[in-house]
Amino acid sequence: MSVAVPGAGTEKHEHGHGSPPGSNYWNAEKGLWSWLTTVDHKRIGIMYLISTLIAFSLGGFFALLLRLELLTPRKTIMSPAMYNQAFTLHGAIMVFLFIIPSIPGALGNFFLPIMIGAKDVAFPKLNLLSLYLYWTGALFTLGSLVAGGLETGWTFYVPYSSTTSGAVIMVTFGVFVAGFSSILTGLNFIVTIHKLRAPGVSWYRLPLFLWATYSTSVVQILATPVLAITLLLLIFERAFHIGIFDPALGGDAVLFQHFFWFYSHPAVYIMILPGFGLISELIAVHAKRKIFGYKAIAFSSVAIALIGFLVWGHHMFVAGQSEMAATIFSFLTFLVAIPTGVKLFNWISTLWRSSITYSTPMVYAIAFLFLFAIGGLTGLFLGMLAVDVHLHDTYFVVAHFHYVMMGGTVFAFVGALHHWWPKITGRMFNEKLGRISGIVMFIGFNMTFFTQFILGSRGMPRRYYNYLDQFQPLHQFSTVGSWVIGLAFLIVLYNLATSLKSGAKAPDNPWGGMSLEWQTETPPPTENFRVTPKVTHGPYDYSNDPNATGASDS
Amino acid sequence: MSAATDSPIGPSDPKKHSPGWSIAHHFDTADQQFDSARMGIWLFLVTEILFFGGLFCAFFIFRSWYYEAFVEANHHLDKVMGAVNTMVLIFSSLTMALAVRSAQTNDKKKTVLFLLVTLLCAGAFLVVKYFEYTHKIHDGLLPGKWFHAQGFKHANAGMFFAVYFMMTGIHGLHVVIGMGLILWIMIRANNGEFSQRYYAPVEGVGLYWHLVDLVWIYLFPLLYLVG
Amino acid sequence: MTGPKIDIGSFWLPKQSSTIAPSIDFAWDVVLWTCIIFFFLLMVPTFYFVVKYKRKKETEVTSAIDHSTKIEVVWTVLPLVILIALFFVGLAPWVNASVAPANAIEVQVTAQKWNWSFRYPNGTTSPGKLVVPKGKPVRLVMSATDVLHSFWVPEFRVKQDAIPGVYTSLWFEATQLGTYTVQCTEYCGGPEGDVAPDKPGGHSDMLATVEVVDEQKYKDFLESGGEDKSIPIAERGKKLFQQWGCNACHSLDGSKLAGPTFKGLFGREEELADGSKVKVDENYLKESILVPTAKVVKGYPPIMPVFQGQLKDPQIEAIIAFVKEQK
Ligand code: HEA
Ligand code: HEA
Ligand code: CUA
Ligand SMILES: [Cu+2]
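Residues numbered from 1 in each chain as written. Chains lettered and ligands numbered in written order. Predicted model: local features only at pLDDT ≥ 70, side-chain atom pairs only at ≥ 80, totals over all residues. Heavy atoms only, no water.

1. Overview of the pairing of strand S5 (residues 137–144) of chain C
All names here are of chain C. For the record, the criterion: Each residue is placed in one exposure class: buried if its accessible area under a 1.4 Å probe, protein chains only, is under 20% of its type's maximum, exposed if it is over 50%, and partly exposed if it falls in between. Helix numbers and strand numbers start at the N terminus; a helix is a DSSP run of H or I with at least 4 residues, a strand a run of E with at least 2. By the convention used here, strands pair only if DSSP detects at least 2 bridges between them.
Counting buried residues in S5 gives seven out of eight residues, a clear majority hidden from the surface. The pairing of strand S1 (residues 105–112) with S5 spans seven bridges and is parallel. Its bridge partner lying in S5, Glu 106 is registered against Arg 139. Pairing of S5 with strand S8 (residues 168–173) involves six bridges; the strand directions are antiparallel. Residue pairing across strands places Val 141 opposite Ser 169, the latter belonging to S8.

Written out as C-alpha cells, the structure is:
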C-alpha cells in the first residue's frame, strides 16, 4: 500500500495556483530579496540552516581556540580574560544560536509541513518573523564581541553577571529576543501539527520526528517565557540595581539559579528531543524496517518533556538549596532516564531482523547510539547526590554534556543533514567520504571528550584557564582530539559543498523512505505536493509490502 | 485538505463551513484558518501567563521572607487609585467582549464604538498609573538601591517596590501594546473588514486584552490589598 | 617543593583522605558498574545486529514485528527498580555528609576574588591555608564577600558553594596526614586585560592548601596564630601587612593614605588627637594595632579596625619587626 500520491483515489483539491511543472521552491523565484521576504517554510528552513551552521562554525572556532589554550597550563596563547570570553561565547553561541534553533528551525521548518502533507506551516509570516527575531538576537549576542565582550559563562550566574564589566546587557537582551523566536517557532509547529495534517495523517501516522518536534515545541512554549522574565530581571538588576538578586539589598543570588535552570534544564530536552526524532527516521529508513515500539517512542518524548520540568535543581546540589529539595530533585532526575532508556531499547530492537545499509546517515545514527548512551548514563552519576558533590563543576560534567549535545544532537543533526541532503538540494553527496567523515568525527570526539571524564573525576574543575601540572598529558590528548573533530567537519563541508556542483542528480526517493517527504518531487515544489496527498498507512510500513522495499534506489 | 477525518481533534463542522472568504494559500477552509488562529492565540496566552508566572513566583518568595516589610510597604500604595483602575479595566473587558460580539453580528458601528470605549479605558488606566508612579518617585518609594523613603520600620521595603515596579511596569507595557492592537483593529473594523465570517483578529485582540485585565485582577489584591 | 597536586588513588578517583570518601566511592563504584553493564547491554546487540543484518540484497524483507508489550514492560520496570536503587545509594552518603557531628571544630571560611581565608574559634586567622587535626571532624562555615565561589578538596570528596550574604557549610574528617589542594569550582572571573604568563589567572588560581597535621602540631598552630617560624620575622611581618590589608591604609613610601605612612614610623614623635605627644616604640605599636582608638593620631579619623582577638602575639611581633625596617 504505497502512498496514493498523484493517482487514483486522491482527492483533487487544487487551489488554482499550483506552480508550473519543473519548478521547485529553489527556482520558483530568484534574487536575494525573494529569499528575505519569502514565507515559504522551505526557504525559511534553508536560511535557518545556513545561519545556524555559521553559528556552529563560530562556536567551534572558539572551542578550538580554548582547547589550544589548554595545551599547557598557564598562558599558551591568550590571557585569562580572553579565555573566559572564549568559553562563554563558545557555550552561549552553541546553546542559544546553534543547538536550540538548529534542528527545529532548519529541518523542522523544511520537513514538518511536508511530512504531514501540508502546504506550509500554520502561520507563514510568523515563521519569517521568528527568523528575523533569531537574526536580531544573534546580532546582539555576537555584537558583544566588539562591545566589551562577555565573560560570565553561558549560565549568567549572579552576582558575577550583575557586577562584572562587559556587554552583559547586550547579550542577555540578544538571548531574550532569540527566545521569542524559539517560542514563536514552537507555537507555529504545534498549531500546524494540530490543524494542517493531510487526509489520512492521523496522530499515529505522524513520523516520529514530528512527535519529537511536537514535544520540543511544548517545552519551548512552557519554559522559554520563564527564561525571558529571568533575563529581564537580570537586565534590570544590572542596569538599575533593583536588588532582586543582590544579597546586599536583600535579594537572593540562588533564586537566579532556580529561575535559570527552570528554563535551562527543560532546554536540554529542547536540544535533544529533535535529535531523538531524527534518529528514529534515520534508523527506520536505513534499516528499512518498521520501527519497533512506535507508540513507546512517541509517548516517551512527551514523558521526557514533562518530567524534564521537575528536575532543574540537580544543577544546584552544592549551591545551598535545602536538603529536602535536593533529595526530591535527585529522585526525579532518575525518572527521566526511563523514557530515554525506552527509546534506546526500541531503536536497537528496530535493528533486529532489519536490513541495514552502511550509508552515511546510518553511520552517524550508530555513532549516536554509542555516544548518547555514554552521555545519558554519565548523567546518572551526576544525578546521584553524593557523587555529584564530587563531580559538580568539573570536566566530568563538561564531558557529560558534550556526549549528549555534540555526541547526541550534533551527530544526529549531521546524519540527518546527509539523509535529507538529496531532498533539499537535489544532489547526491559522495557516500564514501560521508562514511569517512562519520568515522573520523567519532574517533576525534571520543579522544576529546572521553579524556575529560577522567580529568574531571580526578579533580580538574571546569572553566579553568590554568590547571595543575599533573593534568597536562590528558589535556593535550583532548586538544589533539579537537583537531581531529575539526578535520572531520572539513571533510563534511567539502563533501557537501562539492556535491552541489558535481554531485549526481538525486532521485525523488534515494533511500526508499515511506514517509511523505519522499513521495514528492526532489527538490519539492513551492506548494510541496502538486496534489494533496491522501495517506493510507503509517510512515514506517516497510514490511507489509515486499514491493515497497524493492522500490528503493531508483 | 479538510482537517483529517480520523483526527482526535474534532472534525470540522460542516455548518460552520464558510467557503469563499479570502483564505490564505496554505489553508483549505476558513474554519481551518480560523481554528488555527484561535489556537495560536491561546498558546500565546499560555506563554504570557508563564512569563508573568515568574514574577508572581518572585513576589511570593520575597513576601514570605520579608513579610513585615511587604505589609508596611503595601500601605504606601494608593488603594483608591488601584481600585479605580481595577474597575476601569474590568469595564474595558466588558466593552471588549461586546466589541467582539458586535463584530460577529456584522454590526460595524457598534464594533468601532465599543473598541473606542475600550481604548479610552486603557488610556484612563495609564493616566492613573502615571499619577501613582510620579507620587512614588517623589516619595522615594523606589526599587532596591534607589529606595530612599524615610520612616520605614522594616528593612527591605525596597524589595517590595522592586517587585511592584517590575510587575506593574511590565503590565503597563502590555497595556500600551494592547492599545496599539485595539487601534489597529478599530481602523480595520471601520474599513468594514470584519464580518460574521471573519472576525479572528478582533477575537484575538480581545483574548489578549482579557489576559491583560486578568493579570491586573491578580496584581491589585496582591500588591495593594494584602501586600 | 613542587607545586600543588592531587594524589590519584585509582584510575578514576583521587586518593581517599576523609571519612566520607570511601562511602562516596562506593556509590561511584555502584553507578560505574551499573552503567558499564547497561552500556554493554545496549552496545553488544547493536553491533551484533549491525553486522548480522547488513543488507545483502535490495529486496530483503524485514520483520513486521513492531512491538511487544511484554518486553516493553520489562525494559521499563527493570530500569525503574535499578534507578530507584541508585537514588538511595547516592542518597545515603550524602545524608551523612550533610550533618556535621556536634563536636566538630568550626572554622569560618571567607571567599573573595581570588583567595580563601580561614578563621578559627580562638581568633587565629590564616589566609590561604587551612590547618586541621587528623581524625577530628571539622565544620567549615562559609561565606563570600563578592561573587559565588566554591570550596573543593578532591581527596575529601567535599564541595560547597560560598555565597555572598548567606552562610553555607560543609564538614569532613581527614584520615591521612599531608597537604591537600583546595580549588575554587564556581566560576568567579579573572583579572582584566593581559597578565604575565606566570601570574595568577583568577578563578583557576584561587587555590588554598589544607594541611592535615597531628594534634600537637594543630595546637601549636593555633597558639602561633599560624606563623611559620622558619621564615625570617620581618618577612612574615611584610606578608601579614599585605594579607591583613594594612597596605590599604598605610603606605611604605611616605605618601598619605587613609592612615599614616609606616615610613620612618618607628622612633618618630607622634602628636595625638588630644594634643599629647608620644614616642613610637614597640608598646605603642602593639597598642595601636590591637586597640587603635586608645591613641588616635592627630589629623586622622578613628577608622582603623580593631585587631584585638584577631592578630596573635607572634604576628604582632612580626609586624613590629617589619615596621622597624621601614626607615
Ligand atoms: C542534550 C542535552 C542534555 C541531555 C539529554 C542531558 C541528560 C541528562 N542529564 Fe545533563 N546536562 C546537560 C545537558 C544534557 N543532559 C548540560 C548542558 C549540563 C551542564 C550545564 C552547565 O552547568 O553548564 C548538564 C548537567 C547535568 C547535571 C548537573 C551536573 C552538575 O553541574 O553538577 C546533572 C545532574 O543530575 C545531569 C543529569 C542528566 C541526566 C540524569 C540526564 C538523563 O536525561 C539521561 C538519561 C539517559 C540515560 C540514563 C541513558 C539510557 C538509559 C537506559 C539505557 C536505561 C537503563 C539504565 C540504567 C538502569 C542504568 N546533567
Ligand atoms: C551544542 C553544544 C556544544 C558543542 C557542539 C560543543 C562543541 C565543542 N566543545 Fe563545548 N561547550 C558547550 C557546548 C558545546 N560545545 C557549553 C554549553 C559549554 C560550557 C560553557 C561554559 O562553561 O559557560 C562548553 C564548554 C567547553 C569546554 C570547557 C571549557 C571550560 O570549562 O573551561 C571545552 C573544553 O574542551 C569545550 C570544547 C568543545 C570542543 C572541542 C567542541 C567541538 O566538538 C567543536 C567542533 C566544531 C568545530 C571544530 C567547528 C567545525 C567547523 C568547521 C571546520 C568549519 C570551518 C570554520 C571555521 C574554523 C571558522 N567546550
Ligand atoms: Cu573563586 Cu572561582
Ligand atoms: Cu539538567
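Having seen the structure, we can now continue with the description.
2. Side note on the site of ligand 2
All names here are of chain A. Note the following rule: By convention in these notes, a residue is near a molecule or strand provided one of its non-hydrogen atoms lies within 4 Å of it. In protein, a polar contact means a hydrogen-donor-capable atom and an acceptor-capable atom, both N or O and within 3.5 Å, with residues adjacent in sequence counting only if both atoms are side-chain atoms; elsewhere, any N or O pair within 3.5 Å suffices. In this classification, the charged set is Asp, Glu, Lys and Arg, the nonpolar set is Ala, Val, Leu, Ile, Met, Phe, Trp, Tyr, Cys and Pro, and all remaining amino acids, among them Gly, are polar.
Residues in close proximity to ligand 2 total 33 residues, the closest being Arg 67, Tyr 83, His 90, His 402 and Arg 463. Between Gln 452 and ligand 2, the recorded distance is 3.1 Å, taken from a side-chain N or O atom to an oxygen atom. Elements with a minimum of two residues in the shell around ligand 2: helix H2 (41–69), helix H3 (80–115), helix H13 (395–425), helix H14 (431–458) and helix H15 (472–502). Partitioned by chemical class, the residues of the shell around ligand 2 number 21 nonpolar, nine polar and three charged.

3. Some points on empty space enclosed by the protein
Empty pockets left among the atoms are what a rolling probe the size of a water molecule brings to light. Residues and elements named next belong to chain A. Quick reminder of the rule: The way it works is a 1 Å grid over only the protein atoms, where trapped points that fit a 1.4 Å probe form a cavity and open points with protein on both sides within 12 Å along at least five of seven lines form a pocket, and then any residue with an atom within 4 Å of a point lines it. Grid points are joined across faces, edges and corners, and a volume is the space filled by probe spheres set on the points.
Applying the stated criterion to the full structure yields four cavities of 30 Å³ or more. The computed volume of the largest cavity comes to approximately 150 Å³. What lines the largest cavity is a set of 16 residues, among which Phe 96, Ile 100, Pro 101, Ala 178 and Ser 182 lie closest to the centre. At the level of secondary structure, the elements contributing two or more residues to the lining of the largest cavity comprise H3, helix H6 (168–195) and helix H7 (208–240). By residue number, the principal contributor to the lining of the largest cavity is H6, which donates six residues. Of the residues contributing to the lining of the largest cavity, the split by class is ten nonpolar, six polar and no charged. Considered as a void within the structure, the second largest cavity measures approximately 70 Å³ in volume.

4. Details of the coordination of the iron atom of ligand 2
Residues and elements named next belong to chain A. Going by this rule: Keep in mind that water is not among the atoms, so a site may look incomplete; donors are the N, O and S atoms within 2.8 Å of the metal, or 3.2 Å for Na, K and Ca. Irregular is the label for any site that misses the other tests, which are tetrahedral for four donors with all angles between 85 and 135 degrees, and square planar for four donors or octahedral for six when opposite donors exceed 155 degrees and the remaining angles lie between 65 and 115.
Ligation of the iron atom of ligand 2 by protein atoms is provided by His 90 (NE2) and His 402 (NE2), these donors lying 2.0 Å from the ion. Each of the six donor atoms bound to the iron atom of ligand 2 contributes to angles spanning 85 to 180°, and the resulting shape is octahedral. Taken together, the residues His 90 in helix H3 and His 402 in helix H13 connect sequence positions 312 residues apart. Like His 402, His 90 is buried.

5. Here's the deal with the site of ligand 1
Taken together, the neighbourhood of ligand 1 is formed by 32 residues, with Trp154(A), Asp388(A), His392(A), His400(A) and Arg462(A) sitting nearest. More than one chain approaches ligand 1, the contributing ones being chains A and C. With respect to ligand 1, the side chain of Trp154(A) contributes an N or O atom lying 2.8 Å from an oxygen atom. One nitrogen or oxygen atom from the side chain of Asp388(A) is found 2.6 Å from an oxygen atom belonging to ligand 1. Residue assignment for the shell around ligand 1 shows that the elements contributing at least two residues are helix H8 (253–286), helix H10 (323–351), helix H11 (360–383) and H13 of chain A together with helix H1 (21–52) and helix H2 (69–98) of chain C.

6. Things to note about the pattern of salt bridges
To keep things clear, this is the line we draw: One side-chain nitrogen of Lys or Arg within 4 Å of one carboxyl oxygen of Asp or Glu is enough to make a salt bridge.
Evaluation of the coordinates by the stated rule reveals 24 salt bridges over all chains. The salt bridge involving Lys129(B) is made with Glu132(B); its shortest N-O contact spans 3.5 Å. In this pair, Lys129(B) and Glu132(B) are both assigned in helix H4 (residues 108–139), three residues apart and thus about one turn of the helix distant. The burial state of Lys129(B) is the same as that of Glu132(B); both residues are buried. The residue Asp7(C) makes a salt bridge to Lys15(C) at a minimum N-O spacing of 3.4 Å. Taking relative accessible area as the criterion, Asp7(C) reaches 23% and is therefore assigned partly exposed.

7. Here we look at the interface of chain A and chain C
Heads up, the condition is: Note on contacts: a residue pair qualifies if any of its non-hydrogen atoms lie within 4.5 Å across the two residues. By buried area we mean the combined loss of accessible area, with a 1.4 Å probe, across both parts when two parts are placed together.
Facing the 100 residues of chain A at the interface are 90 residues of chain C. Summing both sides of the interface, chain A and chain C together bury roughly 8100 Å²; the carbon and sulfur share of this comes to 69%. When residues of chain A are sorted by the area they lose upon contact with chain C, Phe345(A), His390(A) and Arg458(A) head the list and together hold 8% of the total. Along the contact surface separating chain A from chain C lie 30 residue pairs in polar contact (both at pLDDT 80 or more). Looking at which element gives the most residues to the side of chain A that touches chain C, the answer is H10(A), with 16 residues. When grouped by side-chain class, the residues that make up the side of chain A that touches chain C number 58 nonpolar, 29 polar and 13 charged.

8. Thoughts on the coordination of the iron atom of ligand 1
What the protein offers the iron atom of ligand 1 as a donor is a single atom, His400(A) (NE2), at 2.2 Å. Position of His400(A) relative to the elements: it lies in helix H13.

9. Observations regarding the sheet that holds S8(C)
Backbone-to-backbone hydrogen bonds join strands into a sheet, with any given pair of strands oriented parallel or antiparallel. Residue and element names in this part refer to chain C. To be explicit about the condition: The axes used here are C-alpha line fits, helices contributing only the stretch in contact, and every angle between their N-to-C directions lies in the interval 0 to 180 degrees.
A sheet is described by the order of its strands in space; here five strands give the open sequence S3-S2-S1-S5-S8, paired in mixed fashion. Where the open sheet ends on each side, the last strands, each with one partner, are strand S3 (125–127) and S8. Each neighbouring strand pair of the sheet contributes to a mean axis angle of 25°, computed without reference to strand direction.

10. Comments concerning the environment of Met78(A)
Within the secondary structure layout, Met78(A) lies in the loop between H2 and H3. Excluding residues that lie within four positions of it along the chain, Met78(A) makes contacts with Leu65(A), Leu66(A), Glu69(A), Tyr83(A), Ala86(A) and Tyr465(A).

11. Some remarks on the sheet that holds strand S4 (residues 129–133) of chain C
Residues and elements named next belong to chain C. Pairing within the open sheet is mixed, and its five strands lie in the order S4-S10-S9-S6-S7. The outermost strands of the open sheet, each flanked by one partner alone, are S4 and strand S7 (158–162). Taken pair by pair, the neighbouring strands of this sheet meet at an average axis angle of 25°, ignoring direction. Relative to strand S10 (residues 208–213), strand S9 (residues 178–184) runs antiparallel, the two sharing five bridges. The residue of S10 that forms the bridge with Val 182 is Ala 208. The strands that helix H3 (residues 215–224) touches are S4 and S10; relative to S4, the one it contacts most, it runs at about 135°.

12. Digging into the interface of chain A and chain B
Taken together, the 46 residues of chain A in the interface contact 41 residues of chain B. Viewed at the interface, chain B and chain A are joined by zero salt bridges. Where chain A packs against chain B, one counts one residue pair in polar contact (both at pLDDT 80 or more). Of all the secondary structure elements, the ones that give two or more residues to the side of chain A that touches chain B are H6, H7 and H8 of chain A. At ten residues, the largest contribution of residues to the side of chain A that touches chain B is made by H7(A). When its residues are assigned to classes, the side of chain A that touches chain B shows 30 nonpolar, eleven polar and five charged.

13. Thoughts on the domain arrangement of chain C
All names here are of chain C. Our working definition: Segment limits for the domains were obtained from an automatic or database-derived domain assignment.
The assigned domain composition of chain C is domain 1 (11–49 + 68–99), domain 2 (105–223) and domain 3 (233–324). Taking only C-alpha atoms into account, the centre of domain 1 sits 31 Å from that of domain 2. On the side of domain 2, eleven residues touch domain 1, which itself brings 15 residues to the contact. Taking both partners together, domain 1 and domain 2 bury about 1100 Å²; carbon and sulfur atoms supply 54% of that area. Of all residues in domain 1, the largest losses of buried area upon contact with domain 2 belong to Ser 17, Ser 18 and Thr 19, amounting jointly to 42% of the total for that side. Our count for the contact surface shared by domain 1 and domain 2 stands at one salt bridge. The interface formed by domain 1 and domain 2 holds eleven residue pairs in polar contact (both at pLDDT 80 or more) in total. Of all elements in the fold, only H1 and H2 reach the threshold of two or more residues within the side of domain 1 that touches domain 2. Residue classes in the side of domain 1 that touches domain 2 are distributed as seven nonpolar, six polar and two charged.

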